[in-house]
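Notes for the structure review
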Amino acid sequence: MKKVVIVAVALVSLLAMASYFSPHWTLYRMRSAVESRDYKAFSSYVDFTSLRNSFKQQMTGKGGDDRADQDSGNPLEPLTRAIVSGLAGPLIDVMLTPAGIIEMLGAGKPGVTQAVVASTVTQVPNISVLPDMKLSYRGWDNVLFRAEGLPEASGYFVLQRQGWWSWKLAAVELETATK
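Residues numbered from 1 in each chain as written. Predicted model: local features only at pLDDT ≥ 70, side-chain atom pairs only at ≥ 80, totals over all residues. Heavy atoms only, no water.

Section: helix α7 (residues 114-122)
- Within α7 the residues assigned to the buried category are V116, S119 and T120. On an axial view of α7, the arc spanned by its buried residues comes to 110 degrees, and they lie on one face. Of the exposed residues in α7, those oriented more than 90 degrees away from the buried face are Q114 and V121.
- Where α7 terminates, the next one or two residues include Q123, which has phi positive at roughly 60 degrees. (Buried < 20%, exposed > 50% of the residue type's maximum accessible area, 1.4 Å probe, protein only. Helix = DSSP H or I, 4+ residues; strand = E, 2+ residues; numbered from the N terminus. Arc of directions from axis to C-beta.)

Right, dumping it as structure tokens:
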């Protein structure tokens, strides 16, 4: 009986550790896919629909962002916001390809850079090695990560759990302005 309890505790401990380290394994697999330039394998770790929606909500100020609720007193602000919303959606759809996402990961934080735009045209990222990433858990099904050494205001990539062991890059938290 004592042996069965020991085996059960060991098995549960191993399963808990495997579940805990599974996002690290996903990042390792993403890094390996980038290094081998296997963009199809890399794409299997990205939920493009969720990632694009997350990016669009934050870029256009929709979805609970307090920037959208601030009234600057500028009478053209609603028109400007409507134009940005109308243009941002299609542009984000075009930029968030495997090459564009790899360029963002290469920068270590989410955001549109000149390299992301250039990779949209070529569909080939300019980098072949991702920086070391710092992970932090935000509950059972969300893990935040970005390059080590960046300040907290730099934004995060968000891995979301897909079942017990697998994770996908499914959202971003864009850089916040420091006041």
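Still to come is the rest of the account.
Some words on the nonpolar core
- Ranked by size, the top nonpolar core spans 32 residues in total, and within it F42, I101, L105, F145 and L169 carry the most contacts.
- Elements with a minimum of two residues in this core: α1 (2-35), α3 (48-60), α5 (77-95), α6 (98-107), β1 (133-137), β2 (142-147), β3 (156-162) and β4 (166-173).
- Contact partners of L105, with chain neighbours within four places excluded, come to M30, F42, L130, P131, M133, F145 and F157. (Core = buried A, V, L, I, M, F, W, Y, C linked by side-chain atoms within 4.5 Å. Contact = heavy atoms within 4.5 Å.)

Here we look at the sheet that holds β3
- Across the sheet, which stays open at both edges, the four strands sit in the order β1-β2-β3-β4 with antiparallel pairing between neighbours. For this open sheet the edge positions go to β1 and β4, each flanked by a neighbour on one side alone. With direction set aside, neighbouring strand axes in the sheet form an average angle of 30 degrees.
- Sheet topology places β2 next to β3; four bridges connect them, and they run antiparallel. If you follow L144 over to β3, its bridge partner there is V158.
- In the packing of α1 onto the sheet, the strands contacted are β1, β2, β3 and β4, and the crossing angle to β1 comes to about 150 degrees. (Pairing = 2+ DSSP bridges. Axes fitted to C-alpha atoms, helices over the stretch in contact; angles between N-to-C directions.)

Side note on the environment of E35
- Of note, E35 is situated in helix α1.
- Judged by its relative accessible area of 43%, E35 is partly exposed.
- Residues E35 and G89 lie 54 residues apart in sequence; the distance between their C-alpha atoms is 30 Å.
- Excluding residues that lie within four positions of it along the chain, E35 makes contacts with S128 and V129.

Brief notes about the packing of aromatic side chains
- Throughout the structure, instances matching the rule amount to five aromatic pairs.
- Taking 5.0 Å as the distance between ring centres and 90 degrees as the angle between the ring planes, the aromatic pair formed by Y20 and F21 counts as edge-to-face.
- Assessed through its relative accessible area of 45%, F21 is described here as partly exposed.
- A network of ring pairs unites the aromatic residues Y20, F21 and Y137 as a single cluster.
- Over the ring of W140 we find R161, and its NZ or CZ is 3.8 Å from the ring centre. (Phe/Tyr/Trp six-rings, centres within 6.5 Å; stacked < 30°, edge-to-face > 60°. Lys NZ or Arg CZ within 6 Å of the ring centre and 35° of its normal.)

Thoughts on the pairing of β1
- The sheet contact formed by β1 and β2 spans five bridges and is antiparallel. Counterpart to Y137 in the pairing with β2 is V143.
- The loop that links β1 with its antiparallel partner β2 comprises four residues; one of these, G139, has a positive phi angle of about 105 degrees.

Nothing here speaks to function; it is geometry throughout.
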